[in-house]
Amino acid sequence: MDFPFENTYANLPERLYTKLPPTPVKTPRLVAYNEALAAELNIKGAPEASVFAGNTVPEKADPLAQVYAGHQFGHWNPQLGDGRAILLGEVGGQDIQLKGSGPTPYSRMGDGRAWLGPVLREYVVSEFMHAAGVPTTRALAAVTTGEIVLREAPLPGAILTRVAASHIRVGTFQYFASRTDAPALQALVDHCIARHYPDADGPQGLLDAVVNAQANLIAKWMSLGFIHGVMNTDNCAISGETIDYGPCAFMDAYHPETKFSSIDQFGRYAYNNQPDIAAWNLAQLATSLLQLMPDRDAAIEAFTESVNGFIPAFQKAYSAVFMSKIGISNTQDGDMTLVSDLLDRMAANQADFTNTFRGLSDGNARDQFVDPTAFDTWAEGWQARIAAEPDPKALMRKTNPAVIPRNHRVEEMIQAAVKGDFGPFERLNMVLATPYMLAETDTDLAAPPTEQEIVHQTFCGT
Ligand code: AMP
Ligand code: MG
């Protein structure tokens with residue numbers, strides 16, 4: 001295979017990373033390859049399992065593990081880093097990273113490996129997010145390693161090849177801020193501006209750009225009923241992409257307080273907390289960047305204003321996307337009341353989030369409600385309002401997916417793959433690549449879980 005690698009991160013100061021190759025595995029087998037993404041990235045040649053397993057390091061790669069820190073569930077952890085990931089280099093400005101590629105100096109007690117379940121989950125969910133227009137890391141390939149990984153049980157090992165605009169996180173800045181290393185912070189600022197926000201001017205410009213990108217990102221998550229599950233500062237990407245698909249899940253029945261992650265005991269990262277948490281994470285970025293500002297008092301004032309701008313920016317993006325979801329393109333005063341009223345009724349009636357919104361254009365939204373008259377009384381006002389809209393149906397059909405990676409389908413896919421059957425994985429990928437269209441033969445994938453099928457908890461999957 002030929003990767004036209006550049007290595008701009010590897011050329012930053014050495015204390016930002018540790019250079020080391022991936023650890024080879026026993027018997028690599030390619031189980032997924034994203035041809036379309038490979039073509040976009042101009043990666044040539046037939047896919048080789050040995051490359052995506054880390055057994056063969058491509059010629060122009062300069063492999064390394066990045067160091068970072070972070071607040072995990074609000075608690076400061078001064079030393080994190082790629083404990084099981086290796087950055088090979090960048091292709092077309094995009095990081096190519098192997099995840100599950102063996103221990104590094106940042107592995108702490110971990111084995112540096114991943115098992116097949118989380119690898120396929122991230123593959124399916126991140127590719128769906130991309131298809132649904134959400135900024136996200138992508139999946140280029142998945143291999144099984146032929147090795148056993150010990151978790152709560154012995155499980156098949158696997159490696160994901162992840163593509164990202166970069167893997168720089170709020171936690172990367174925090175690591176160097178906590179060491180009062182201004183030169184490293186400056187190098188990171190310059191690097192992030194060059195790669196992600198070429199129009200941004202200095203730390204203030206970078207902060208504003210990240211605030212804006214995160215506001216748009218979280219609004220998109222909310223519009224899909226997506227719950228990230230582990231919004232620690234080390235999982236908050238400077239690029240504004242969704243990163244780290246550990247315990248993430250999509251809601252079936254709508255409730256604003258929904259959470260899935262087994263380790264999120266107090267619902268810190270529940271659906272409706274996500275905007276506030278993003279703002280909190282951005283405050284940590286602002287604090288880190290303060291060290292670069294000669295006039296600290298003036299900077300505190302300006303940065304506070306930037307971070308305070310997150311919630312209004314989020315609300316603007318949220319309103320825009322939810323207006324489209326109910327078919328309104330020319331917003332008028334009071335339109336958002338239609339949205340909040342609908343959501344309240346959905347919560348009271350255990351209405352399926354995805355199918356209710358899709359049902360607005362498909363004509364079966366009321367069927368999602370325990371008491372369908374709760375929908376009917378809302379729909380009277382809504383119908384009257386959208387009568388004035390040019391083509392509400394078309395707008396709704398391109399904003400409300402017909403199908404999402406439902407938790408029970410993802411679990412079912414993982415169970416099959418562990419037994420060697422990758423059919424459900426391939427089918428999910430194929431159907432989710434065009435989530436706004438659904439063939440008659442695939443409607444089973446759009447159905448909410450039965451009582452027995454409901455997934456109540458998700459796990460970090462390390
Ligand atoms: P995450 O919860 O996936 O964001 O990971 C938090 C930290 O734990 C990161 O620094 C990871 O690199 C590290 N980590 C997670 N799983 C493993 C593992 N199996 N081996 C080594 N490090 C790990
Ligand atoms: Mg992480």
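Refer to the structure printed above.
Rules of the game
Residue numbers restart at each chain and count upward from 1, following the sequence in its written direction. In the order they appear in the text, chains get letters beginning with A and ligands get numbers beginning with 1. Per-residue local features of the predicted model are confined to residues with pLDDT of at least 70, and side-chain atom pairs are confined, for both listing and counting, to 80 or more; whole-chain, interface and lining totals are unaffected and use all residues. Derived side-chain values reflect all non-hydrogen atoms in the structure, with water molecules and hydrogen atoms excluded from consideration. Fitted lines through C-alpha atoms serve as axes, helices being fitted only where they are in contact, and the angles separating the N-to-C directions of these axes extend from 0 to 180 degrees. Helix numbers and strand numbers start at the N terminus; a helix is a DSSP run of H or I with at least 4 residues, a strand a run of E with at least 2. Any angle that is under 35 degrees is reported as roughly parallel, and any over 145 degrees as roughly antiparallel; angles of 65 to 115 degrees are reported as roughly perpendicular and all others as oblique. The contact criterion used throughout is that any non-hydrogen atoms of two residues lie within 4.5 Å. A single heavy atom is enough: if one lies within 4 Å of a molecule or strand, its residue is considered near that molecule or strand. N or O atoms within 3.5 Å of each other form a polar contact, as long as, within protein, one can give a hydrogen and the other can take it, and as long as residues adjacent in sequence are counted only when both atoms are side-chain atoms. Reported accessibility uses the Shrake-Rupley method at a 1.4 Å probe radius. Residues are deemed covered only where the shown protein chains occlude them. Each pair of aromatic rings taken from Phe, Tyr and Trp, with Trp reduced to its six-membered ring, is defined by centres within 6.5 Å and is described as stacked if the planes are under 30 degrees apart, edge-to-face if over 60, and tilted in the remaining cases. Whether a residue is buried, partly exposed or exposed follows from its accessible area with a 1.4 Å probe, protein chains only, as a fraction of its type maximum: under 20%, in between, or over 50%, in that order. Either the NZ atom of lysine or the CZ atom of arginine qualifies as a charge over a ring when it sits within 6 Å of the ring centre and within 35 degrees of the ring normal. Only buried residues count toward a nonpolar core, which is a set of Ala, Val, Leu, Ile, Met, Phe, Trp, Tyr and Cys residues joined through side-chain atoms within 4.5 Å. Reported domain spans reflect what an automatic or database domain assignment gives. Only nitrogen, oxygen and sulfur atoms count as donors, using a 2.8 Å cut-off from the metal that widens to 3.2 Å for Na, K and Ca. Water is left out, so coordination shells may look unfilled. Whether two strands pair comes down to DSSP finding at least two bridges between them.

## Quick look at the packing of helix 9 (residues 310–325) against helix 10 (residues 335–348)
Here is step 1 of the chain: Where helix 9 contacts helix 10, the axes come no closer than 10 Å and their chain directions differ by 75°. Relative to helix 10, the element helix 9 lies roughly perpendicular. Contacts between helix 9 and helix 10 involve Tyr318, Ser319, Phe322 and Met323 from the former and Asp335, Met336, Val339 and Leu343 from the latter.

## Quick word on unusual backbone geometry
Most peptide bonds are trans, and most residues other than glycine sit at a negative phi.
Here is step 1 of the chain: Positive phi, normally seen in glycine, also occurs at arginine 108, with a value near 50°.
Here is step 2 of the chain: By the secondary structure assignment, arginine 108 is in the loop between strand 6 (94–99) and strand 7 (114–115).
Here is step 3 of the chain: Here aspartate 244, not a glycine, exhibits a phi torsion of approximately 75°, which is positive.
Here is step 4 of the chain: Looking at the secondary structure, you find aspartate 244 in the loop between strand 10 (226–227) and strand 11 (249–250).

## Looking at the site of ligand 1
Here is step 1 of the chain: Close to ligand 1 lie 18 residues; Gly81, Gly83, Arg108, Gly112 and Asp244 are nearest.
Here is step 2 of the chain: One nitrogen or oxygen atom from the side chain of tyrosine 68 is found 3.5 Å from an oxygen atom belonging to ligand 1.
Here is step 3 of the chain: A distance of 2.6 Å separates an oxygen atom of ligand 1 from a polar backbone atom of glycine 81.
Here is step 4 of the chain: In isolation ligand 1 has 480 Å² of accessible area, and contact with the protein removes 88% of it.
Here is step 5 of the chain: Every element with two or more residues in the shell around ligand 1 is listed here: strand 3 (64–72) and strand 4 (75–81).

## Some thoughts on the packing of aromatic side chains
Here is step 1 of the chain: Inspection of every chain in the model, using the stated rule, returns 21 aromatic pairs.
Here is step 2 of the chain: With a centroid separation of 5.5 Å and 85° between ring planes, the pair formed by phenylalanine 128 and phenylalanine 250 is classed as edge-to-face. In this pair, phenylalanine 128 is assigned in helix 3 (residues 116–131) and phenylalanine 250 in strand 11, connecting sequence segments 122 residues apart.
Here is step 3 of the chain: On the basis of relative accessible area, phenylalanine 128 is assigned to the buried category, the value being 0%.
Here is step 4 of the chain: Residue class for phenylalanine 250 comes out buried when judged on its relative accessible area of 1%.
Here is step 5 of the chain: With 5.2 Å between their ring centres and 20° between their planes, tryptophan 378 and tryptophan 382 make a pair best called stacked. Remark: tryptophan 382 and tryptophan 378 occur in helix 12 (residues 372–386); sequence separation between them is 4 residues, near one turn of the helix.
Here is step 6 of the chain: By relative accessible area, tryptophan 378 is classed as buried at 2%.
Here is step 7 of the chain: Each residue in the set Tyr254, Tyr271, Phe310, Phe314, Tyr318, Phe322, Phe353 and Phe357 is aromatic and connected to the rest through ring pairs, giving one cluster.
Here is step 8 of the chain: Sitting over the ring of tyrosine 175, arginine 179 keeps its end group 3.7 Å from the ring centre.
Here is step 9 of the chain: Here lysine 325 stacks its cationic end above the ring of phenylalanine 322, 6.0 Å away from the centre of that ring.

## Some remarks on the nonpolar core
Here is step 1 of the chain: Met129, Phe173, Ile238, Phe322, Ile326 and Leu360 are the most contacted members of the largest nonpolar core, which totals 148 residues.
Here is step 2 of the chain: No other element matches helix 6 (residues 202–224), which puts 13 residues into this core.
Here is step 3 of the chain: Built from parts of two domains, this core gets at least three residues from each of domain 1 (5–164) and domain 2 (328–397).
Here is step 4 of the chain: Aside from chain neighbours lying at most four places away, what touches methionine 129 is Val134, Thr136, Trp221, Leu224, Phe226, Thr242, Tyr245 and Phe250.

## Description of the coordination of the magnesium ion (ligand 2)
Here is step 1 of the chain: Looking at the magnesium ion (ligand 2), one finds its protein donor set to be Asn235 (OD1) and Asp244 (OD), positioned 2.1 to 2.2 Å from the metal centre.
Here is step 2 of the chain: Looking at asparagine 235, the relative accessible area reads 10%, which means it is buried.
Here is step 3 of the chain: By relative accessible area, which is 22% here, aspartate 244 ends up partly exposed.

## Some details on the pairing of strand 4
Here is step 1 of the chain: Pairing analysis gives 5 bridges linking strand 3 to strand 4, with the strands arranged antiparallel. Bridge pairing in strand 4 links tyrosine 68 to leucine 80.
Here is step 2 of the chain: With antiparallel pairing between neighbouring strands as the criterion, strand 3 and strand 4 make up a hairpin whose turn holds 2 residues, including phenylalanine 73 at a positive phi of roughly 50°.

## Points about the pairing of strand 3
Here is step 1 of the chain: Burial within strand 3 is extensive, with 8 of its 9 residues counted as buried.
Here is step 2 of the chain: As paired elements, strand 1 (residues 17–19) and strand 3 share 3 bridges and run antiparallel to each other. Pairing of lysine 19 across the sheet is with leucine 64, part of strand 3.

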